[in-house]
Amino acid sequence: KMAAVEGLERCLRVAGAAAARPERFLSVQDGLAADFKALTKTLYDLSKARGSNVVRGSPLKELVIESFDEEQIWQQLELQNNAVLDFFKKSIARDANDEDLCLLSDPEEDSSNAEASSDKELEEDIMEIETEQKNVYTKDKTKAKEKQSKPRESKMQKYSDEDSDVDFDIEELEQQTEIAKKTTSKKLQKKSIVDDKFFKLAEMEAFLEDVEKEDRGEEEEGINYFEDLLSDDEEEESEDSKVKPIKSSRDLTYKDFFDPVDDNDELVANTVEDGQEEETDSVTEEENEESTSEADEINEIMTENMRSKEASKKVTFSLPDDSEIEDSIDMQSEKSIDPIEIKSSFEKRQEKMNAKIRSLEEELLEEKPWQLKGEVSGQKRPENSLLEETLLFDHAVRMAPVITEETTLQLEDIIKQRILDQAWDDVVPKEKPKEEAFEYKKRITLDHEKSKLSLAEIYEQEYLKLHQQKTEEEENPEHKEIQEMMDSLFLKLDALCNFHFTPKPPVPEVKIVSNLPAVSMEEVAPVAVSDAALLAPEEIKEKNKAGDVKADAEKTPTDKKRERRKKKLRKRMKLREKERRQKLLEKVKPEQGTKLSKKAAAAKLKKLTKEGKASLLKDEGKDKVLKSSQAFFSQLQDQVKMQIKDANKLKKKQKKQREVSVHKLKL
Amino acid sequence: VGNEEMRKIPVPANRYTPLKENWMKIFTPIVEHLQLQIRFNLKTRNVEIKTCQETKDISALTKAADFVKAFILGFQVEDALALIRLDDLFLESFEVTDVKPLKGDHLSRAIGRIAGKGGKTKFTIENVTRTRIVLADAKIHILGSFQNIKMARTAICNLILGNPPSKVYGNIRAVASRAAERF
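How each quantity is defined
Residues numbered from 1 in each chain as written. Chains lettered and ligands numbered in written order. Predicted model: local features only at pLDDT ≥ 70, side-chain atom pairs only at ≥ 80, totals over all residues. Heavy atoms only, no water. Axes fitted to C-alpha atoms, helices over the stretch in contact; angles between N-to-C directions. Helix = DSSP H or I, 4+ residues; strand = E, 2+ residues; numbered from the N terminus. Parallel < 35°, antiparallel > 145°, perpendicular 65-115°, else oblique. Contact = heavy atoms within 4.5 Å. Nonpolar A, V, L, I, M, F, W, Y, C, P; charged D, E, K, R; others polar. Buried area = accessible area lost by both parts, 1.4 Å probe. Salt bridge = Lys/Arg side-chain N within 4 Å of Asp/Glu carboxyl O. Polar contact = N/O pair within 3.5 Å; in protein donor to acceptor, adjacent residues only side chain to side chain. Core = buried A, V, L, I, M, F, W, Y, C linked by side-chain atoms within 4.5 Å. Buried < 20%, exposed > 50% of the residue type's maximum accessible area, 1.4 Å probe, protein only. Domains from an automatic or database assignment. Pairing = 2+ DSSP bridges.

Peer 1: Please explain the packing of helix H6 (residues 105-115) of chain B against helix H7 (residues 120-129) of chain B as it appears in this structure.
Peer 2: Helix-helix packing is characterised by the crossing angle of the two axes and by the distance between the axes. All names here are of chain B. In the contact formed by H6 and H7, the axes pass within 5 Å of each other and the chain directions differ by 50°. What the angle tells us is that H6 and H7 run oblique. Contact residues: H6 offers Arg-113, Ile-114 and Ala-115, while H7 offers Lys-120, Thr-121 and Lys-122. The residue makeup of the contact of H6 with H7, split by class, is two nonpolar, one polar and three charged.

Peer 1: Can you walk me through the interface of chain A and chain B in this structure?
Peer 2: For an interface, size is often stated in terms of accessible area lost upon the parts coming together. Counting residues at the interface gives 18 residues for chain A, matched by 24 residues for chain B. The junction of chain A with chain B conceals about 2,000 Å² of combined surface from both sides, 61% of it contributed by carbon and sulfur atoms. Remark: the boundary between chain A and chain B carries two salt bridges. Counting across the interface, chain A meets chain B through 10 residue pairs in polar contact (both at pLDDT 80 or more). Here the side of chain A that touches chain B takes six residues from helix H19 (residues 455-497) of chain A, the largest share from any one element.

Peer 1: How do you make sense of the nonpolar core when you look at a structure like this?
Peer 2: A general tendency of soluble globular proteins is for nonpolar side chains to be buried together. All names here are of chain B. Grouped together as the largest cluster of nonpolar side chains are 33 residues, with contacts concentrated most on Ile-30, Val-47, Ile-49 and Val-68. Ranked by residue count, the leading element in this core is helix H3 (residues 59-73), at nine residues. Here this core gathers at least three residues from each of two domains, domain 1 (6-85) and domain 2 (89-181). Contact partners of Val-47, with chain neighbours within four places excluded, come to Arg-7, Lys-8, Ile-9, Val-11, Leu-19, Ile-38, Arg-39, Phe-40 and Val-68. Judged by nonpolar contacts, the second largest core, of 26 residues, contains Met-151, Cys-157, Val-168 and Ile-172.

Peer 1: What's the story with the sheet that holds strand E1 (residues 6-10) of chain B in this structure? I'm lost.
Peer 2: The strands that make up a sheet pair up through hydrogen bonds in the backbone, lying either parallel or antiparallel. Residues and elements named next belong to chain B. Read across the open sheet, the three strands follow the order E1-E3-E2; overall the sheet is antiparallel. What marks the edges here is a single partner per strand, and that holds for E1 and strand E2 (36-41). Each neighbouring strand pair of the sheet contributes to a mean axis angle of 20°, computed without reference to strand direction. Across six bridges, the pairing between E2 and strand E3 (residues 46-51) is antiparallel. From the neighbouring strand, Asn-41 faces E3, where its bridge partner is Asn-46. Set on the sheet, H3 makes contact with E1, E2 and E3; between it and E1 the angle comes to about 5°.

Laid out in structure tokens, this is it:
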């Protein structure tokens, strides 16, 4: 016995330690798992060792855990549990109903009982219900085991879910419902059409069934094929009453699921105190629902919960106004504050509408925001407020295209297509057409003679030429092409075969241009004079930089200076030329050179003056004679005239004298 | 072949002898190719052309009349023959004084300009524009296709108005080359 106590204590310690740090269970804890396995084994063995006369349990004396995986351990436990389940259920129910037994005041304890009792599979190995300690242990263990193990039973899951979703005490409600059930267990009846003041169909059926059951009392172990199978919960709950009218799913109404729309609390109070029938009916109906589905059971409990005073979950229609309301949880909180002043949904909507109207009115009366006030300058609106606004304005300039991914993709598509088509936009090098002036003249030869062909023949020829040309044109291009291709091919072949191949040198085009009148070059028969010359005027005489020849009046000072410079340059060149020639001449032929040179002339003059043959006239400035040649020569002329005159005079005088003498002689 | 139609072309005195000389050349194509009847009325000094039963084409009469008329104006027989052979040849006549009122020496000079030395200018125009020109004192006759007549007329008018021949050459050359390029 000591060993057993020690074992239990150890188990308790382990479980307590594990429970103290529940956050560890978020991850897989292999060590703890092993501990718990050992713990389970210990408990199982102890229970088996203690033995029990009331119930047999599984044939296994001890729990085997070595190299057994979870599934197998569970199956072992299941064997044990299934065997003792029925017994435990009955005993618990009995003890729960037993007034002598002191139930713990702590509602959680009760709930644990209720929970445990409502479980299909007991997860505990040991349920020594008499011992309160055990209850504590089991409670802990169940809790620990719950947290550790994967809940096999989805019911448990749902219970826990329901617990989290709905903020109420399920245990309390169950307790209450049980109380309610007890008070009204006798009146679980269904109303039918044939019901009367004196006769109630449901009562009759119930009575008949009771009688039948009594008859069948010994045949508990056999399976009654005709009996309607009830779920374990219902069976347990309504065991004493033994009345279970069944309600089909077709008869479910709104009332079964939801609260009545008006003033639930009042109703609840009434039903609890006064109108018990209604409530009991509905309760019975709920309880007697033949529903194997777990959802219905949960709904049942939920509706029971809703009935309670403190039940605050309410289902409401989702009206548009209601959407603005906060969640039901908040409503619950509201209700929990003022449970008496619950307003109808219509009233709530009205309130909201009014609030909205008020706010709108206030808005209208207020000053408008800057966006709605006409022209707003920078001072009248907050800083950088335009950045947040989307503005519309006219664009004077065409906007640059927005480069998005799509545009780039489009461009790329175009590029790819171009590459495939080999359609490049290359610049074609332009060749300046060489228009030679002479060729133009040759285009139409001007025949200045009477044409030898008659007009008819001319037109005939033209006609023929026109028609022949068409056929010629078709052939020629092909010929040309062929010729070109052949040329290029042969050129390449030549280059390949001859190592010392040298291409033909480009023939320089020589154009002989003679400055002859055009008539002699062009005309077939020499005819009379023509003005045209072959060379262009520019080629004959170079045009000066200034352009056209300018009259003296038109010349600008620059032009004049330019001309002067040119003149001086020309003169300088001439002089230099002359000197060079003179020098050359002197060297080669000294006599001729000296004759013409300035030096020689000066020397000669000197000689003459010295000799006295010539006299140098000094230029004093007074004598007019020396200033101009005209004066000089006129003076010279005068001098000569004078001399002649004198001479004549002398001659005349001499003649006169001779005439006198002759006269005298005659005498 | 309903009624017999007849055309009369008067012959001036100066063309009498050339007509006599070229009579064979004239009447042969008319009679043989156009199937018409032709005679020279000595009394009235008219060339008369008449249709007969053998005439197939009624327009032949007009053609023949034009042919003879062209010859009478002064064109050569061979040139005038083109009128019969080609449909789209026309004959245009105008006077020098139509272009510009000239009198006396100016008129003579204008005519001289048109003719050129030894007929050079006239021949040049004829050759370039593919027409035939007859310059009879103050009257000018041009034979050729419509476009060519126009070109020649422009050239002659320019000469009358006083342009030097070289300039006129240049112009008609340019125009002719452009016309030639088009075809």
